[in-house]
Amino acid sequence: DERRFGTRWSVKVQMPQRNAADTLSSKVGSTIASTQQLSKVMSSKQEKLGVSSDEAVSKTIRQGLERMPLYVGAGLAIGGLASLVLARGGGASRKAITGFGGGVGLGSAWTRCSIDLEELLEGK
């Protein structure tokens, strides 16, 4: 593969040749290694918590769902206050700003739950 830059320079690039079997075997090997690491981490986390992995994940998701209305409510409240300051005329712009605040609250609750699940699976 030869690539030209401008009119005077040319560069030859050699790409490593890999066949599909090598690529597939490397992906399968990494997946098996990841699964083994995950099972080791989950078993160590289970020993610390004293619960099964299904119960730990279920509890983390339940906590995230319990946290969600609080975060959405706080986002709506902050968005509502911001809309009073930013959109003095009222109408659709106030609703849009308040809705944006609710969306930010929902997104932050989702992110917090995602971080909690990652920490659980990584064993932190």
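Preceding this section is the structure that the text describes.
None of the values given here were measured: they were computed from a predicted structure. Numbers given for residues are sequential positions, taken from 1 along each chain in its written order. Under the rules for a predicted model, residues below a pLDDT of 70 receive no local features and side-chain atom pairs below 80 are neither given nor counted, while totals for whole chains, interfaces and linings still include all residues. Think of the side-chain values as coming from all heavy atoms in the structure, minus any hydrogens and water.

### Structural notes on the overall build of the chain
Strands here mean DSSP runs of E at least two residues long; helices mean DSSP runs of H or I at least four residues long; both are numbered from the N terminus. Assigned secondary structure in the chain consists of three helices and two strands. When each of the 124 residues of the chain is scored for burial, the buried share is 14%. Working rule for contacts: check all heavy atoms of both residues, and any pair within 4.5 Å makes them a contact. Intrachain contacts of the chain at a sequence separation of at least 6 include 55% that bridge at least 24 residues. All accessible-area figures derive from a Shrake-Rupley calculation using a 1.4 Å probe, and residue coverage is judged against the displayed protein chains alone. Total accessible area on the chain stands at roughly 9500 Å², and carbon and sulfur atoms take up 60% of it. Three exposure classes are used, based on accessible area relative to the maximum for each residue type with a 1.4 Å probe and protein chains only: buried under 20%, partly exposed in between, and exposed over 50%.

### Here we look at the packing of helix α2 (residues 53-86) against helix α3 (residues 92-122)
Helix-helix packing is characterised by the crossing angle of the two axes and by the distance between the axes. Axis definition: a line fit to C-alpha positions, over the contact stretch in the case of helices; interaxial angles, taken between N-to-C directions, run 0 to 180 degrees. Direction vectors running N to C along α2 and α3 enclose 155°, while the axes themselves pass 6 Å from each other. The angle between α2 and α3 falls in the class roughly antiparallel. In the packing of α2 onto α3, the handedness of the crossing is right-handed. For classification purposes, an angle smaller than 35 degrees is called roughly parallel, one larger than 145 roughly antiparallel, one from 65 to 115 roughly perpendicular, and anything else oblique. Each crossing gets its handedness from the near helix: less than a right angle anticlockwise from the far helix is left-handed, clockwise is right-handed.

### Comments concerning the pattern of salt bridges
Pairs can form between side chains of opposite charge whenever their charged atoms are close. We define a salt bridge as a contact between a side-chain nitrogen of Lys or Arg and a carboxyl oxygen of Asp or Glu at a distance within 4 Å. Counting across every chain of the model gives two salt bridges. Residue D116 is joined to R67 by a salt bridge in which the shortest nitrogen-to-oxygen separation is 3.2 Å. Of this pair, D116 sits in helix α3 while R67 is found in helix α2, placing the two residues 49 residues apart along the sequence. Take D116: its relative accessible area is 15%, and that puts it in the buried class.

### Let's talk about the side chain of S83
Checked against the element boundaries, S83 lands in helix α2. Setting aside residues up to four positions removed in sequence, S83 forms contacts with R94, I97 and T98.

### Examining a nonpolar patch on the surface
Each patch groups residues whose relative accessible area exceeds 30% and which form no salt bridge, using 9 Å between like charges and 5 Å between nonpolar side chains of Val, Leu, Ile, Met, Phe, Trp and Tyr. A surface patch of nonpolar side chains, amounting to about 430 Å² of accessible area, comprises L81, L84, V85 and L86. In this structure, L81 sits in helix α2.

### Re α2
Here a helix's expected span is defined as the number of its residues, less one, multiplied by 1.5 Å. Relative to the 50 Å expected for 34 residues at 1.5 Å per residue, α2 spans 47 Å between its end C-alpha atoms, a close match to the ideal helical length. The angle between axes fitted to the seven-residue stretch ending at a residue and the seven-residue stretch beginning at it gives the bend at that residue. At R67, α2 shows its largest bend, some 30°, and a proline, P69, comes one to four positions later. Residues A56, T60, G64, G75, G79, G80 and S83 constitute the buried set of α2.

### Notes on α3
Its 31 residues give α3 an end-to-end C-alpha distance of 44 Å, which sits within 8% of 45 Å, the value for a rise of 1.5 Å per residue. Buried residues of α3: G101, G102, G105, A109, C113, D116 and L120, and no others. The positive-phi residue at the C-terminal boundary of α3 is G123, with phi of around 85°.

### Comments concerning the environment of F100
Looking at the secondary structure, you find F100 in helix α3. Its relative accessible area of 62% is what places F100 among the exposed residues. When the C-alpha atoms of F100 and I78 are compared, they prove to be 9.9 Å apart, with 22 residues separating the residues in sequence.

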